[in-house]
Amino acid sequence: MISIKAKNIGLTYNIRQKISLAPNYRKPSPTGGKISATGRKRMVKALEGVNFELNSGDRLGLIGSNGAGKTTLLKVLYGIYEPSEGELSVSGKVDALFNINLGFRQEATGRRNIFLRGLINGWSPKEIESRMDEIIDFSELGGFIDLPFKSYSQGMAARLAFSVATCLEPEILLMDEWIGAGDPAFQQKAKDRMSDLAEKAGIIVLASHNHKLLKTVCNKVICLEEGKVVATGTAEELLD
Ligand SMILES: Nc1ncnc2c1ncn2[C@@H]1O[C@H](COP(=O)(O)OP(=O)(O)OP(=O)(O)O)[C@@H](O)[C@H]1O
């Protein structure tokens, strides 16, 4: 059973910095988590008391102003950070698209990168080879697939990253606001692919400021503010 259960999740970043003689800046900020200090240590509470449950077929959108905690929550779900508080249970094979260039070797060709990415995701060489043409076709990169990744434009890199991540059919796909890098034709293809994925009983979590994109992709939305969930509802309820 594919699911994500988050119970009272909290995450605090500890920040090391050199001693500063400047007085603390006290003006409240509309962005970011809560800053606190003990002695020389500075902390940012990026997530606090986050609760939600997702099951097969759920497509969750994360909204909130800059620094509200969206990316941090994705990173916690991916296992990059252990929550500082609460309980998290993630059942299913997870893939993430946070940064288009992350996990791709600049010197290797697109084709080689597909292979490497597949291995990282736990696919056998045979399985990757059997999906290779489909991945390349979906990306529409043509002859560029045999050129080094470093020669790709941002949009081309996004096409490759998205094609690999979705053709390998993760059970849970976590995405940060990057899809805008593709051109409108590819964005439409990408949206259709995401609907397909969710219909195949997967879970998608997408953090974005693009309400139009969220409305087409997501059925649930969580709004974060200073790391706390301030509203939960359907895409229609929260995005209009
Ligand atoms: N590596 C880090 N070290 C310390 N603090 C961090 C780190 N990453 C994020 N933060 C802090 O955590 C809070 C949440 O940041 P996060 O990146 O999760 O926000 P976001 O909602 O994704 O923002 P945006 O919409 O701007 O991408 C912010 O206050 C930020 O300053």
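See the structure shown above.
Residues numbered from 1 in each chain as written. Predicted model: local features only at pLDDT ≥ 70, side-chain atom pairs only at ≥ 80, totals over all residues.

Undergrad: Would you mind going over the overall build of the chain with me for this structure?
TA: Summing up its helical and strand segments, the chain has seven helices and ten strands in all. The C-alpha atoms of the chain give a radius of gyration of 19 Å, which matches the 18 Å a tight globule of 240 residues would have. Dimensions of the chain, computed from C-alpha atoms along their principal axes, come out at roughly 55 × 40 × 30 Å. Within the span of the chain, comprising 240 residues, buried residues form 37% of the whole. Put simply, 74% of the contacts in the chain that link residues at least 6 apart link residues at least 24 apart. (Helix = DSSP H or I, 4+ residues; strand = E, 2+ residues; numbered from the N terminus. Rg over C-alpha atoms; globule rule 2.2 N^0.38 Å. Buried ≥ 20, exposed ≤ 12 C-beta atoms within 10 Å, placed from the backbone. Contact = placed C-beta atoms within 7 Å.)

Undergrad: Just checking my understanding: could you explain the sheet that holds strand β8 (residues 203–207) for this structure?
TA: What holds strands together in a sheet is hydrogen bonding between their backbones, with the strands either parallel or antiparallel. With mixed pairing, six strands are arranged side by side in an open sheet as β6-β7-β8-β4-β9-β10. Taken across any chain shown, the strands that pair with only one partner, and hence form the sheet edges, are β6 (94–97) and β10 (228–234). For this sheet, the mean inter-axis angle between neighbouring strands, taken without regard to orientation, is 15°. As paired strands, strand β7 (residues 172–175) and β8 are joined by four bridges and run parallel to one another. By the bridge assignment for β8, Leu174 is matched with Val205. (Pairing = 2+ DSSP bridges. Axes fitted to C-alpha atoms, helices over the stretch in contact; angles between N-to-C directions.)

Undergrad: Help me out: how do you make sense of the sheet that holds strand β5 (residues 85–91) in this one?
TA: Strand order across the open sheet formed by four strands is β2-β3-β1-β5, with antiparallel pairing between neighbours. Every other strand in the sheet has two partners, leaving β2 (34–38) and β5 as the edge strands with one partner each. Sheet twist, expressed as the average angle between the axes of neighbouring strands with direction ignored, equals 35°. In terms of strand pairing, β2 meets strand β3 (residues 41–55) through five bridges, oriented antiparallel. Looking at β3, one finds that Thr38 is bridged to Lys41. Each of β1 (3–15), β3 and β5 is contacted by helix α1 (residues 70–78), which is oriented at about 65° to β3, the strand it contacts most.

Undergrad: Just to check I follow, could you spell out the site of the ligand for this structure?
TA: Close to the ligand lie 14 residues, the nearest being Tyr13, Gly32, Asn66, Thr71 and Thr72. Among the elements of the structure, β1, β3 and α1 are those that each provide at least two residues to the shell around the ligand. Looking at which element gives the most residues to the shell around the ligand, the answer is α1, with three residues. Across the shell around the ligand, the residue classes break down as five nonpolar, eight polar and one charged. (Near = placed C-beta within 6 Å. Nonpolar A, V, L, I, M, F, W, Y, C, P; charged D, E, K, R; others polar.)

Undergrad: Got a minute to help me understand the nonpolar core in this structure?
TA: In summary, soluble globular proteins display a tendency toward joint burial of nonpolar side chains. Grouped together as the largest cluster of nonpolar side chains are 60 residues, with contacts concentrated most on Leu62, Leu77, Ala161, Leu174, Ile204, Val205 and Leu206. Counting residues per element, this core draws most heavily on helix α4 (residues 154–167), which supplies eight residues. Excluding residues within four positions of it along the chain, Ile204 makes contact with Arg59, Leu173, Met194, Leu197, Ala198 and Val217. (Core = buried A, V, L, I, M, F, W, Y, C linked by C-beta atoms within 7 Å.)

Undergrad: Sorry, what's going on with helix α5 (residues 184–199) here?
TA: Every α-helix winds through 3.6 residues per turn, so residues three or four apart in the chain are directed the same way. For α5, spanning 16 residues, the distance from its first C-alpha to its last is 23 Å, which sits close to the expected 22 Å at 1.5 Å a residue. Of the residues making up α5, those classed as buried are Phe186, Ala190, Met194 and Leu197. In an axial view of α5, the angular spread of the buried residues amounts to 80°, which keeps them on one side of the axis. Away from the buried face of α5 by more than 90 degrees, exposed residues Pro184, Ala185, Gln188, Asp192, Asp196 and Glu199 are located. Each element contacted by the buried residues of α5 is listed here: α4, β7, β8 and α6 (211–217). (Expected span 1.5 Å × (residues − 1). Arc of directions from axis to C-beta.)

Undergrad: Help me understand the environment of Glu226 in this model?
TA: Within the fold, Glu226 resides in the loop between β9 (220–225) and β10. C-beta crowding within 10 Å serves as the criterion here: with 20 such atoms nearby, Glu226 is assigned to the buried category. Each C-alpha atom, one on Glu226 and one on Leu173, is 24 Å from the other, the two residues being 53 residues apart in sequence. When neighbours within four sequence positions are excluded, Glu226 is seen to be in contact with Gly33, Lys34 and Ala68.

Undergrad: Explain unusual backbone geometry here, please?
TA: If a residue is not glycine, its phi is most likely negative; likewise, a peptide bond is most likely trans. At Asn8, a residue that is not glycine, the phi angle is positive and equals roughly 55°. A count of 14 C-beta atoms within 10 Å places Asn8 in the partly exposed class. Its identity as a non-glycine residue notwithstanding, Glu226 has a phi of 45°, on the positive side.

Undergrad: Just checking my understanding: could you explain the packing of helix α2 (residues 110–120) against helix α3 (residues 125–139) for this structure?
TA: Each pair of packed helices can be summarised by the angle the axes make with each other and by the distance between the axes. Between α2 and α3, the shortest axis-to-axis distance is 10 Å and the interhelical angle comes to 130°. Comparing their axes, α3 and α2 come out oblique. Seen along the crossing, α2 lies across α3 with a hand that is right-handed. On the side of α2, the interface is formed by Ile114, Phe115 and Gly118, while α3 contributes Ile128, Met132 and Ile135. Its residues assigned to classes, the contact of α2 with α3 shows five nonpolar, one polar and no charged. (Parallel < 35°, antiparallel > 145°, perpendicular 65-115°, else oblique. Left-handed = near helix turned anticlockwise from the far one by under 90°.)

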